[in-house]
Amino acid sequence: MRARELGLPLTGETGPWNAITDVPGVEVGYVTLCEGDDVRTGVTALLPRGRDGVGTPCSAGWHSFNGNGEMTGTAWIEESGSLAVPVVITNTYAVGPVHRGVVEWVRANRRDMAPEWLLPVVTETWDGHLNDIHGAAVEPRHAADAIEAASSGPVEEGCVGGGTGMRCYGFKGGSGTASRVVDHAEDRYTVGAFVQANFGARRELVVAGVPVGRELPDGPVPEPDGERQVPPGAGSVIVVVATDAPLLPGQCKALARRATLGLARTGTTGSHFSGDIFLAFSTANEGALTSTFPEDDGSAPYESMRFVPWGRMDRFYGAVVESVEEAVLNVLTGAHAMTGRAGHHVPALPLDRVSELLAARGVGGAARTVS
């Protein structure tokens, strides 16, 4: 179930799939690992230009709202303003094997891209409540498998890929996406957002402006002997924003910052124990922002970029805020309850109760119950 099926008054025109894949060329792939009682994790790969476009840079920028997390490769994004590799999301302790897996995939498939060096972008959220995060379930090959699985079209949401074992606002979290269409001059562009949501305290949850979390009290979350209770709101959230609008790197960075406002609409105040890290890229201006070694003949060709004027960016900012908010709601409505490591159980968002709370405020429509 997606958030719009609740009848929520979500604003803005969406793309045909209401997903980050509405941006032409963007592909998403998953590897989901649910094995035995202890493995609840996975890998998500987002390819800005598809597999064939790996190595062709996009204008890009990133932002850390709260730095209690990891996103590799950001120093180079900051330096060059470009992104030419897949963006891969997993759990906190799997960053190493996934990083290696991306290197191996590029070496096997795109040796022409970076024969001397490569700086993958691998990022994470913590799934140690449901998943044995100290285990070795995620291997380098899973990064390659997620890249190979990437495709356009509708995107599965909820307990899939890197989001398999995540929690959001005290309920089952995971992967979600949404998009908006933006008119500019004579053109129409798409802004899409993808989130791996593992953040927020239950009491904070806001749906369509209604503070439903206050009416959904926290239940006891027992921990095995010797384990400390994780504070409400701890976890992390990764947001990836894509657009086909022509933007400068600094404008992509400005889009990434607006992800904060989309999350805030769902109620979070930004826990100290949550790594909230965002990345935005533009697939326009293909061929610009290259960073290859100079030719021996000493030639120094120029590059040029077309971009939206800074004074016309507000509609794109609004599209980010709206799509990030809806992507988080799609996580919550799309995820199912899950039991994992040490018998830990995380319930799904009770959609029937949420619908009642919304209806009492004159918001939303009918919803089905998810156990």
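In every chain, residue numbers begin from 1 and rise along the written sequence. Owing to the predicted nature of the model, reporting of local features is limited to residues with pLDDT of at least 70; listing and counting of side-chain atom pairs is limited to 80 or more, with chain, interface and lining totals taken over all residues. Values shown for side chains rest on all heavy atoms present in the structure; no hydrogens or waters enter the calculation.

**What about the state of the cysteines?**
A covalent bond bridging the sulfur atoms of two cysteines is what the word disulfide describes.
And step 1. By definition, disulfides here are pairs of cysteine sulfur atoms that lie within 2.5 Å. This structure, assessed with the given rule, holds zero disulfides.
And step 2. Unpaired in terms of disulfides, Cys 58 finds its nearest cysteine sulfur in Cys 252, a separation of 8.5 Å.
And step 3. Classification of residues uses two cut-offs on accessible area relative to the type maximum, computed with a 1.4 Å probe and protein chains only: under 20% is buried, over 50% is exposed, and between them is partly exposed. When its relative accessible area of 1% is taken as the criterion, Cys 58 is described as buried.
And step 4. Unpaired in this structure, Cys 159 has its nearest cysteine sulfur neighbour in Cys 34, at a distance of 7.8 Å.

**A look at the sheet that holds strand S4 (residues 82–83)**
And step 1. For two strands to pair, DSSP has to find at least two bridges joining them. In DSSP terms, a helix is any run of H or I states spanning at least four residues, a strand is any run of E spanning at least two, and both are numbered starting from the N terminus. In spatial order, the strands read S4-S3-S12-S11-S10-S9; together these six strands make up an open sheet with mixed pairing. The two strands at the open ends of the sheet, each matched to only one other strand, are S4 and strand S9 (174–184).
And step 2. Bridge analysis of strand S3 (residues 58–67) against strand S12 (residues 275–282) gives eight bridges, and the strand direction is antiparallel. Pairing of Ser 59 across the sheet is with Ser 282, part of S12.
And step 3. We call two residues contacting when some pair of their heavy atoms lies within 4.5 Å. Think of each axis as a best-fit line through the C-alpha atoms, taken over the contacting stretch in the case of a helix, with angles from 0 to 180 degrees between the N-to-C directions. Contacting S3, strand S10 (187–200), strand S11 (233–243) and S12, helix H4 (residues 249–265) runs over the sheet at an angle of about 40 degrees to S3.
And step 4. Those strands touched by helix H5 (residues 314–334) are S9, S10 and S11, and its axis lies near 155 degrees from that of S9.

**Examining a nonpolar patch on the surface**
And step 1. There is a patch of nonpolar side chains on the surface, built from Trp 117, Leu 119 and Phe 293 and spanning about 310 Å² of accessible area.
And step 2. Trp 117 gets classed as partly exposed once you look at its relative accessible area, which sits at 37%. Patch building starts from residues that exceed 30% relative accessible area and form no salt bridge, then joins like charges within 9 Å and nonpolar side chains (Val, Leu, Ile, Met, Phe, Trp, Tyr) within 5 Å. Computed by Shrake-Rupley with a 1.4 Å probe, the accessible areas treat only the displayed protein chains as cover when residues are assessed. Criterion for a salt bridge: a side-chain nitrogen of Lys or Arg within 4 Å of a carboxyl oxygen of Asp or Glu.

**Considering empty space enclosed by the protein**
And step 1. Buriedness for pockets is judged along seven lines, at least five of which must meet protein on both sides within 12 Å for an open set on the 1 Å grid over protein atoms alone, while cavities are sets there where a 1.4 Å probe fits but cannot get out, and lining residues have an atom within 4 Å of a point. Grid points are joined across faces, edges and corners, and a volume is the space filled by probe spheres set on the points. According to the stated counting rule, one finds two cavities of 30 Å³ or more in the structure shown.
And step 2. The space that makes up the largest cavity amounts to roughly 50 Å³.
And step 3. If you go around the largest cavity, you meet 13 residues; those closest to its centre are Pro 48, Arg 49, Gly 53, Val 54 and Ala 84.
And step 4. Here the lining of the largest cavity is composed, by residue class, of eight nonpolar, four polar and one charged.
And step 5. Looking at the second largest cavity, its volume works out to about 30 Å³.
And step 6. Around the second largest cavity sit Leu 6, Leu 8, Val 207, Leu 329, Leu 332, Thr 333 and Leu 349, which together line it.
And step 7. Charged means Asp, Glu, Lys or Arg here, nonpolar means Ala, Val, Leu, Ile, Met, Phe, Trp, Tyr, Cys or Pro, and polar covers whatever is left, Gly included. The class makeup of the residues in the lining of the second largest cavity is six nonpolar, one polar and no charged.

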